[in-house]
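# Observations on the model geometry
Okay, here's what each chain looks like letter by letter:
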Amino acid sequence: PEQKTTTGTLRWKGKGTTPNLKEVILGRCYNYITIVNPELSSKDCHNIWMRLLSAFMYKHPCSMREEDYYPLMNMARHSIPCNKSLFWSKTNNLVHRYTKANHDFITLEDTLLGYIADDITWCGSSDLGINYNSCPKRNECESNPSSMYWKMASKMFAEAACGTVQVMLNGSIDNGAFRNDSIFGSVEILNLNPDKVSAVQVWLMHDIEGPQSESCTGQSIQMLKSILENRKINVTCKENYRPVQLLQCASNPNHATCRLCP
Ligand code: C8R
């Protein structure tokens, strides 16, 4: 199914490499180590960029291996304080609104590896080095540069967690708030270290306007519980954790759930 365009690049279904990738990565990296997290001021952003580039440049974008990212991940990794890790699945927007408003918790996007890569795309081309025209989507091939990156970064993020950790799940979607084919379900929970992580707290959020497709007693939450309890990690579940719900209320202040006096 690989087609060549007139410029010789392979034609994939996803967006191509983000324009000015080098400047975007370098800018984000320096912003992170200078302003967001000055404790990391000794990280070498130029080298981080070079290692990202050599992980995928001139490679077929379906042939990424985990090892390709080892040099980058080793250079960019840093520790995370206990009790602060916040995982999520299908709540991308809400969870990041929350971490912006409340600095008690850290998602992968608040670490250097997540921060430099959020919302951007990159992939290689065997002949041109970098493909700015198109990159493979996950359904075209699993071993594409972005999917492989998030998988690896998520694995490291989970391995680094300690104490009690949180996960924000979406109770308003159809096929289960917890899915074992998501990165959270297939990578992160399996890489939590039971010697370091004592409990997982689920925040099961419903859209203010509904539907309430799943509650804390729902099937997929029970499945998550049994997987973690088998691994000797305790699980608790809270529906519509109020500090997060209040952010939903900011965009829907007149809804009954949001009023002090109903
Ligand atoms: N994580 C995974 N994927 C991430 C990501 C992240 O931090 N950040 C971005 N932008 N992405 P989903 P999930 C992109 O189905 O599969 C970590 C990737 O392209 O809602 O369970 C994070 O620590 C990826 O394919 O959630 C979090 O705990 C989709 O967004 C889980 O893994 C994933 O969207 C979330 O992964």
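Our subject is the structure listed above.
Residues numbered from 1 in each chain as written. Predicted model: local features only at pLDDT ≥ 70, side-chain atom pairs only at ≥ 80, totals over all residues. Heavy atoms only, no water.

When helices and strands are tallied, the chain shows nine helices and ten strands. In summary, the chain has a C-alpha radius of gyration of 20 Å against a globular reference of 18 Å for 262 residues, a match within 12%. Principal-axis analysis of the C-alpha atoms places the extent of the chain at approximately 60 × 40 × 40 Å. Here the chain holds 262 residues, and 48% of them are scored as buried. By sequence separation, contacts in the chain at least 24 residues apart represent 76% of the contacts at least 6 residues apart. (Helix = DSSP H or I, 4+ residues; strand = E, 2+ residues; numbered from the N terminus. Rg over C-alpha atoms; globule rule 2.2 N^0.38 Å. Buried < 20%, exposed > 50% of the residue type's maximum accessible area, 1.4 Å probe, protein only. Contact = heavy atoms within 4.5 Å.)

As a structural note, the neighbourhood of the ligand is formed by 14 residues, with S89, K90, E109, I183 and E188 the closest of them. At a separation of 2.9 Å, an oxygen atom of the ligand approaches a polar backbone atom of W88. When isolated, the ligand has an accessible area of 620 Å², and the protein chains bury 82% of it. For the shell around the ligand, the secondary structure elements donating two or more residues are β4 (86–89), α6 (145–159) and α7 (183–191). Grouping the amino acids of the shell around the ligand by side-chain chemistry returns seven nonpolar, three polar and four charged. (Near = heavy atom within 4 Å. Polar contact = N/O pair within 3.5 Å; in protein donor to acceptor, adjacent residues only side chain to side chain. Areas by Shrake-Rupley, 256 points an atom, 1.4 Å probe, with all protein chains shown as cover. Nonpolar A, V, L, I, M, F, W, Y, C, P; charged D, E, K, R; others polar.)

Another point: helix α1 (residues 21–36). When α1 is considered as a whole, its buried residues turn out to be L21, I25, L26, C29, Y32 and I33. Looking straight down α1, one finds that the buried residues subtend no more than 130° of arc, so they occupy a single side. For α1, exposure combined with an orientation more than 90 degrees from the buried face picks out E23 and I35. At its buried positions, α1 is contacted by α2 (45–56) and α5 (112–117). (Arc of directions from axis to C-beta.)

Geometrically, a pair of aromatic rings is defined through the distance of the ring centres and the angle of the planes. If you walk through the whole model with that rule in mind, you get eleven aromatic pairs. Relative to F184, the ring of F87 lies with its centre 6.3 Å away and its plane at 40°, an arrangement referred to as tilted. A residue pair is termed long-range when its members are at least 10 positions apart, and F87 in strand β4 and F184 in helix α7 qualify at 97 residues. With centroids separated by 5.6 Å and ring planes inclined at 90°, the aromatic side chains of Y98 and W203 adopt a geometry described as edge-to-face. Residue Y98 is located in helix α4 (residues 92–101), and its partner W203 is located in strand β9 (residues 197–205); the two are separated by 105 residues in the primary sequence. You can call Y98 buried: its relative accessible area is 3%. Among the aromatic side chains, those forming a connected cluster through ring pairs are Y69, W122, Y149 and W150. (Phe/Tyr/Trp six-rings, centres within 6.5 Å; stacked < 30°, edge-to-face > 60°.)

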